[in-house]
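Listed here are the chains, written in short residue letters.
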Amino acid sequence: MTASLDSIPATPAVIASSEMVGDSVIAITPNKKPGFFKRLFKGCVKIAEDVIYYINEVDSSYISPQEYNWEVMLQSTTTFESYRLKSKSGQEFIFAPENKTKIGPYGGWRWIFLGYTFDIKNLNMSGFRDINISIYSSLFTLDLIWRESGKGYKIKQAELQNSMGREYFEDLPFAGLETSIKGFNFNWIFNKRKYSNTAAYSQSNLQLKSAGSPTVGIGYMRHKLWFDYPELRNTLNEELDRRYPGKGYTVDIDTTLRFKYIDQQCLTFSAGYAYNFVLAKNLLLATSLTAGISFKKSLGDSGKDNFTFRDFTINNLNFDACGRMALVYNNMRWYAGAVGVMHFYSYRAEQFNTSNWFANVSLYVGINFGRRKEFRDPQKRFEW
């Protein structure tokens, strides 16, 4: 006997979801609405996909995306540093540690890149810590800095009241200075579709045509300095006595430099410009420079350890800067190059001023492997 619609009880659920197929009627149960957590998860996945698409969206006539997932690299990094103290009366000292060279392997997957380096001269670098983590993406650059010098400085220059010192005390070891710098610098890149920050500084992507981009940034640093001025006076006088035995020559440290400890916070707002020069196929010269207005506060001045609106005054105003340069050869399969990053900080107190710069220069060579699936078929090139 053939079933018909008239022979089926007319319940609302069945009528709303019944369908005639040939001589039969099939009842279709309505889909249940997804639960809250399932809809929330799908929404988060969709937002993440949109963010990743936005970050990686480029003009393919200027930038070629990275084709590989994995990479390994060998890198050598040399660190340079100089610290300057100057009184208002003109007495000036410049200190610098021995340049340190570290070498080690790195490995990574796309945006995650980790490694370890060790000093090739001294495996036991007592008191010295240098952790510089730079995160480069199409949209931003983030530098995380943690440097502790230990007691390894030398006097590079000493300008004293008698116009002597430049040739007398050069490269004289001085164990009375220690420094510490901790903080971050964040820079936002505007022209990410044509200018590739990652092609310049993280050995990924290819810059096909020259392009540049303005940048803006914000940074926070905490500087600490321990200064043993009696030790400096004794070091200078001992050297004079060695050079001129029995003459009784002595020097003294300016009263405005007779401090033992500085602890200051720095909040910096910066702007700059970055440019990639494509010198030849797969060969890139990259430069960038940012200059910042820095508001500095010595901790303990007001009994507070954090910035307040009262701290943003002309009296606390200083200038900082950061420069980068890189020369990179990258044919997407393997790469080699050199990159230098230099930071400069200044601090002006009532009776003296200080400045500090440090730089890292790296040489590297690496190889990419594990081609991404969207690039495996040459007939289906991946494009944003």
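To be clear, the structure that these remarks concern was listed above.
Residues numbered from 1 in each chain as written. Predicted model: local features only at pLDDT ≥ 70, side-chain atom pairs only at ≥ 80, totals over all residues. Heavy atoms only, no water.

Participant: Provide a residue-level description of the packing of aromatic side chains, including the pertinent values.
Facilitator: A full pass over the atoms with the stated rule returns 15 aromatic pairs. Consider the rings of Phe227 and Phe259, whose centres lie 5.3 Å apart with planes at 40 degrees: the pair is tilted. One end of the pair, Phe227, is in strand E15 (residues 211–227); the other, Phe259, is in the loop between helix H4 (229–243) and strand E16 (261–280), with 32 residues separating them in the sequence. Take Phe259: its relative accessible area is 12%, and that puts it in the buried class. Aromatic ring contacts, followed pair by pair, group Phe93, Phe95, Phe174, Phe227, Phe259 and Phe352 into a single cluster. Residue placement shows Lys209 over the ring face of Tyr62; its charged tip is 4.4 Å from the ring centre. (Phe/Tyr/Trp six-rings, centres within 6.5 Å; stacked < 30°, edge-to-face > 60°. Helix = DSSP H or I, 4+ residues; strand = E, 2+ residues; numbered from the N terminus. Buried < 20%, exposed > 50% of the residue type's maximum accessible area, 1.4 Å probe, protein only. Lys NZ or Arg CZ within 6 Å of the ring centre and 35° of its normal.)

Participant: An account of the nonpolar core is requested, with residue identities and associated values reported.
Facilitator: Counting residues in hydrophobic clusters, the biggest one holds 27 residues, and the most contacted among them are Phe93, Phe95, Ile155, Phe169, Phe227, Leu232 and Leu236. Secondary structure elements with two or more residues in this core: strand E4 (68–87), strand E5 (92–97), strand E11 (153–159), strand E12 (172–174), E15 and H4. Here this core takes four residues from H4, the largest share from any one element. Residue contacts for Phe95: discarding those within four places in its chain leaves Glu81, Ser82, Tyr83, Leu85, Tyr153, Lys154, Ile155, Lys156, Phe174, Leu177, Phe227 and Leu232. Ala200, Tyr201, Ala286 and Tyr364 belong to the second largest nonpolar core, which has 17 residues in total. (Core = buried A, V, L, I, M, F, W, Y, C linked by side-chain atoms within 4.5 Å. Contact = heavy atoms within 4.5 Å.)

Participant: Can you tell me about the pattern of salt bridges, naming the residues and giving the values?
Facilitator: For the structure on display, the rule yields 12 salt bridges. Note that Arg324 is salt-bridged to Asp143, the shortest N-O span being 2.2 Å. Highlighted residues: Arg324 in strand E18 (residues 317–330) and Asp143 in strand E10 (residues 140–148), separated in sequence by 181 residues. According to the relative accessible area criterion, Asp143 is buried, its value standing at 2%. Of the charged contacts, one joins Glu239 and Arg243 as a salt bridge, the two residues approaching to 3.3 Å between their closest N and O atoms. Taken as a pair, Glu239 and Arg243 lie in helix H4 at a separation of four residues, close to a single helical turn. What makes Glu239 buried here is its relative accessible area of 9%. One network of salt bridges, in which partners are shared, links Arg233, Asp252 and Arg258. (Salt bridge = Lys/Arg side-chain N within 4 Å of Asp/Glu carboxyl O.)

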